Amino acid sequence: MESAAFPLRRDIPALQSDTEFDVLVIGGGIYGAWAAYDAASRGLRTALVEAEDWGAGTSSASSKLIHGGLRYLENFEFGLVRHALTERRVLARLAPHMVRPINFVLPVWRGARVGMGRLRAGLVLYDTLAWGRQPVQRHKRFNRDRLL
Ligand SMILES: Cc1cc2nc3c(=O)[nH]c(=O)nc-3n(C[C@H](O)[C@H](O)[C@H](O)COP(=O)(O)OP(=O)(O)OC[C@H]3O[C@@H](n4cnc5c(N)ncnc54)[C@H](O)[C@@H]3O)c2cc1C
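Residues numbered from 1 in each chain as written. Predicted model: local features only at pLDDT ≥ 70, side-chain atom pairs only at ≥ 80, totals over all residues. Heavy atoms only, no water.

1. Remarks on the overall build of the protein chain
Cut-off, in case you're wondering: By definition, any uninterrupted DSSP run of H or I lasting at least four residues is a helix, any uninterrupted run of E lasting at least two residues is a strand, and each is numbered from the N terminus. Note that the radius of gyration is over C-alpha atoms, with the globule rule given as 2.2 Å times the number of residues to the power 0.38. We call two residues in contact when some of their heavy atoms are within 4.5 Å. Surface accessibility follows the Shrake-Rupley procedure with a 1.4 Å probe radius. Residue values consider only the protein chains on display as shielding. Only four residue types enter the tally: Lys and Arg on the positive side, Asp and Glu on the negative side, with His and both chain ends excluded. A charge is said to be at NZ when it belongs to Lys, at CZ for Arg, at CG for Asp and at CD for Glu.
On a plain count of helices and strands, the protein chain comes out with five helices and two strands. From first element to last, N terminus to C terminus, the protein chain shows the α and β order α-β-α-β-α-α-α. Relative to the 2.2 N^0.38 estimate, which gives 15 Å for 148 residues, the radius of gyration of the protein chain is 21 Å and therefore markedly larger than a compact globule would have. If one aligns the C-alpha atoms of the protein chain with their principal axes, the spans along those axes are about 65 × 30 × 30 Å. Long-range contacts, defined here as pairs at least 24 residues apart, represent 50% of the contacts in the protein chain between residues at least 6 apart. On the protein chain, roughly 12,100 Å² of surface is accessible, and the fraction owed to carbon and sulfur atoms is 57%. Separation between the mean location of the 21 positive side-chain charges and that of the 14 negative ones in the protein chain comes to 19 Å.

2. Description of the side chain of R82
Note the following rule: When accessible area is computed with a 1.4 Å probe and restricted to protein chains, residues below 20% of their type maximum are described as buried, those above 50% as exposed, and intermediate ones as partly exposed. Every case where a carboxyl oxygen of Asp or Glu lies within 4 Å of a side-chain nitrogen of Lys or Arg is listed as a salt bridge.
Within the secondary structure, R82 is located in helix α3 (residues 78-94). No salt bridge is formed by the buried R82. Its closest oppositely charged neighbour is D127, at 11 Å. The contacts of R82, once residues within four sequence positions are left out, are R89, L129, A130 and W131.

3. So, the packing of α3 against helix α4 (residues 116-129)
The test is simple: Here an angle of 0 to 180 degrees is reported between the N-to-C directions of two axes, which are lines fitted to C-alpha atoms, with helices fitted over the stretch in contact. Each angle is binned into one of four classes, with values under 35 degrees roughly parallel, values over 145 roughly antiparallel, values of 65 to 115 roughly perpendicular, and all other values oblique. Take the far helix as your reference; a near helix turned counterclockwise from it by less than a right angle gives a left-handed crossing, and one turned clockwise gives a right-handed crossing. Think of it as three bins: nonpolar holds Ala, Val, Leu, Ile, Met, Phe, Trp, Tyr, Cys and Pro, charged holds Asp, Glu, Lys and Arg, and polar takes everything else, Gly as well.
Direction vectors running N to C along α3 and α4 enclose 55°, while the axes themselves pass 9 Å from each other. Taken together, the axes of α3 and α4 lie oblique to each other. The way α3 lies across α4 gives a crossing that is right-handed. Residues F78, V81, R82, L85 and R88 of α3 form the contact with α4, whose participating residues are L125, Y126 and L129. Among the residues forming the contact of α3 with α4, the class breakdown is six nonpolar, no polar and two charged.

4. A few points about the pattern of salt bridges
Following the criterion strictly, the structure yields three salt bridges and no others. E74 is the salt-bridge partner of R113, the closest N and O atoms lying 3.0 Å from each other. Taken together, the positions of R113 in the loop between α3 and α4 and E74 in the loop between β2 (46-49) and α3 put the pair 39 residues apart, joining distant regions of the chain. Under the relative-accessibility criterion, R113 is labelled exposed at 65%. Exposure remark for E74: the relative accessible area of 40% places this residue in the partly exposed category. E74 serves as the salt-bridge partner of R118, at 2.9 Å between the closest nitrogen and oxygen.

5. Observations concerning the domain arrangement of the protein chain
Under the convention used in this document: Domain limits in this description derive from either an automatic procedure or a database domain assignment.
In terms of domains, the protein chain is made up of domain 1 (12-60) and domain 2 (70-147). Centre-to-centre, using C-alpha coordinates, domain 1 lies 34 Å away from domain 2.

6. Regarding the nonpolar core
Defined as follows: We call a set of buried residues a nonpolar core when its members are Ala, Val, Leu, Ile, Met, Phe, Trp, Tyr or Cys and they connect through side-chain atoms within 4.5 Å of each other.
Ranked by size, the top nonpolar core spans six residues in total: L73, V81, L85, Y126, L129 and A130. Of all the secondary structure elements, the ones that give two or more residues to this core are α3 and α4. Beyond its immediate sequence surroundings of up to four residues, A130 is in contact with R82, L85, R88 and R89.

In structure tokens, the structure reads:
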């Protein structure tokens, strides 16, 4: 397939010949695809090999959320959450045609693994770590009647 920016070719003979590449990426999941794109856009002669097909692995199972890593708070990985939240903001700014906010309702019932107190503490911390201009609203709490 040819792209206007730089040529992308499915070229097995080139891989089997003596052609020299600057970069060989193994795996065409999101990370491999991005690494190859980044290398090629810097002018490096780049090859990518994929055992199955583009996105055949974990990348096809992703829910495609540009999330801020809420679940990592459970492991006290605050730096990682902060980093993910910054990345969320950057992606929303760079690609507003692809990244849009989605609202979720997280029901919490009696006896849930993460109870209301812990969830609220986590979400307040999450909103705090997301300081600065964010593409999404801060969390809100609804009691059962208000939500219904
Ligand atoms: C259910 C689920 C939901 C998720 N939801 C989200 C989400 O909402 N947001 C988010 O940011 N992340 C999410 N993730 C995480 C995200 O999907 C992964 O972090 C990401 O897809 C990993 O990409 P990858 O390129 O490292 O791996 P992969 O997508 O697995 O790519 C690896 C590729 O390498 C190929 N390969 C392996 N060995 C070889 C070899 N020897 N030679 C050639 N090719 C090889 C495989 O065929 C595969 O295509 C989710 C993950 C899961 C499972």
